[in-house]
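The residues making up each chain are set out below.
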Amino acid sequence: MGWWKETIDIVKENDPAARTSLEVVLTYPGVKALAAHRISHFLWKHGFKLLARMNSQFWRFWTQIEIHPGAQIESGVFIDHGSGLVIGETAIVEKGAMLYHGVTLGGTGKDTGKRHPTVRRGALISAHSQVIGPIEIGEKAKVGAGAVVVADVPADVTVVGIPAKIVRVHGQKDEPAIHEEEEKREYYLDKLEQAREASHHSSGL
Ligand SMILES: CC(C)(COP(=O)(O)OP(=O)(O)OC[C@H]1O[C@@H](n2cnc3c(N)ncnc32)[C@H](O)[C@@H]1OP(=O)(O)O)[C@@H](O)C(=O)NCCC(=O)NCCS
């Protein structure tokens, strides 16, 4: 019952509209999608890949939430509303992360292996934000609604816009700290681009 309790508790903690545990189980599509994903992921890991994908697609029909069976999702994750949410095969979502409707944890189409984002503990991924590539959203970071995130986001910052830029560090509009964090992100983005180009050349593409 540990998983169910954690899943229900996080909904109650974060959504003032949630009244009872029964209501949460019966009326929250995110809870259903996450429970179904546990089965899909089990099947996927044990080699029943087609069955896993069929289960995932069945629940996509009922919840409008598409989670690839390969995705690693810890307990205590909150998906609110969820409609249109897509989570890719190599995504990782840690405990306490919150994801809203319209979010994509997707690939760029250019990467191989780990192609999808990692969302660390307690991060908030707001409605309709698109988080693209094998990037990391740091612990307790906030991604604003409608943002497009293409580079790592450090812990405990807020990013907004397209492409998403840091607007708060530790909740403060501290311009020097924001500038410093942004410079580091640009540096790592350049390095990532160089690594991608090098692997493209070495694979003869
Ligand atoms: C980003 C968000 C999480 C707020 O985080 P925060 O750290 O408290 O940031 P603030 O509200 O202080 O806003 C920081 C700045 O970003 C701007 N901003 C906030 N959200 C934004 C967004 N989605 N897009 C563009 N700019 C945004 C603010 O106007 C502010 O600008 P300023 O620096 O010029 O003052 C929140 O605004 C947001 O996007 N929430 C959406 C949550 C959601 O998906 N709800 C769906 C419920 S159904």
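Residues numbered from 1 in each chain as written. Predicted model: local features only at pLDDT ≥ 70, side-chain atom pairs only at ≥ 80, totals over all residues.

- If you check an unreviewed UniProt entry, the protein chain appears there as Serine acetyltransferase from Streptococcus panodentis.
- Regarding the protein chain, the relevant UniProt record gives this comment under Pathway (unreviewed entry): "Amino-acid biosynthesis; L-cysteine biosynthesis; L-cysteine from L-serine: step 1/2."
- Taken verbatim from the UniProt record of the protein chain, the Sequence similarities (unreviewed entry) comment is "Belongs to the transferase hexapeptide repeat family." (UniProt positions renumbered as here; feature names shortened; annotations may be inferred.)

Remarks on the overall build of the protein chain
- Within the protein chain, the regular secondary structure consists of five helices and 15 strands.
- Counting over 205 residues, the protein chain shows a buried share of 36%.
- In the protein chain, 31% of the contacts between residues at least 6 apart in sequence involve partners at least 24 apart. (Helix = DSSP H or I, 4+ residues; strand = E, 2+ residues; numbered from the N terminus. Buried ≥ 20, exposed ≤ 12 C-beta atoms within 10 Å, placed from the backbone. Contact = placed C-beta atoms within 7 Å.)

Considering the sheet that holds strand E2 (residues 72-73)
- Reading across the sheet, the four strands line up as E2-E5-E8-E11 and stay open at both edges, with parallel pairing between neighbours. Each edge of the sheet is formed by a strand with only one pairing partner; in this case those strands are E2 and strand E11 (136-137).
- Sheet analysis places E2 next to strand E5 (residues 92-93), joined by two bridges and oriented parallel. If you follow Gln72 over to E5, its bridge partner there is Ile92. (Pairing = 2+ DSSP bridges.)

A closer look at the site of the ligand
- Lining the immediate environment of the ligand, one finds 16 residues, of which Ser126, Ala127, Gly144, Thr158 and Val160 sit closest.
- Within the residue set of the shell around the ligand, elements represented by two or more residues are strand E14 (157-160) and strand E15 (165-169).
- Of the residues assigned to the shell around the ligand, the class counts are six nonpolar, seven polar and three charged. (Near = placed C-beta within 6 Å. Nonpolar A, V, L, I, M, F, W, Y, C, P; charged D, E, K, R; others polar.)

Side note on the environment of Val131
- Tracing the chain through its elements places Val131 in strand E10 (residues 130-132).
- Each residue touching Val131, except ones within four places of it in the same chain, is listed here: Thr104, Leu105, Pro117, Ile125, Ile137, Val143 and Val149.

Some details on unusual backbone geometry
- For the bond running from Ile162 to Pro163, omega is -15°, close enough to zero to count as cis.
- For Pro163, the position within the fold is in the loop between E14 and E15.
- Positive phi, close to 60°, is recorded for His81, a residue that is not glycine.
- In this structure, His81 sits in the loop between strand E3 (78-79) and strand E4 (85-87).
- Residue His81 is classed as partly exposed on the basis of its C-beta count, with 18 C-beta atoms lying within 10 Å.
- With phi around 60°, Lys140 is a residue other than glycine that occupies positive phi space.

A closer look at the nonpolar core
- Ile79, Leu99, Ile125, Ile137, Val143, Val149 and Val159 are the most contacted members of the largest nonpolar core, which has 46 residues in total.
- Ranked by the residues each element gives to this core, the list is headed by helix H3 (residues 29-45), at four residues. (Core = buried A, V, L, I, M, F, W, Y, C linked by C-beta atoms within 7 Å.)

Some remarks on the sheet that holds strand E1 (residues 65-67)
- Taken in spatial order, the five strands line up as E1-E4-E7-E10-E13 in an open sheet, and their pairing is parallel. Lying at the two open borders of the sheet, with one neighbouring strand each, are E1 and strand E13 (148-149).
- Looking at chain direction, E10 and E13 are connected through two bridges and run parallel. Each bridged residue has a counterpart across the sheet, and for Val131 the counterpart in E13 is Val149.

Details of H3
- In a regular helix each residue adds 1.5 Å, so 17 residues correspond to 24 Å; H3 covers 24 Å between its end C-alpha atoms and thus fits that length.
- Gly47 sits one or two positions beyond H3 and adopts a positive phi of about 90°. (Expected span 1.5 Å × (residues − 1).)

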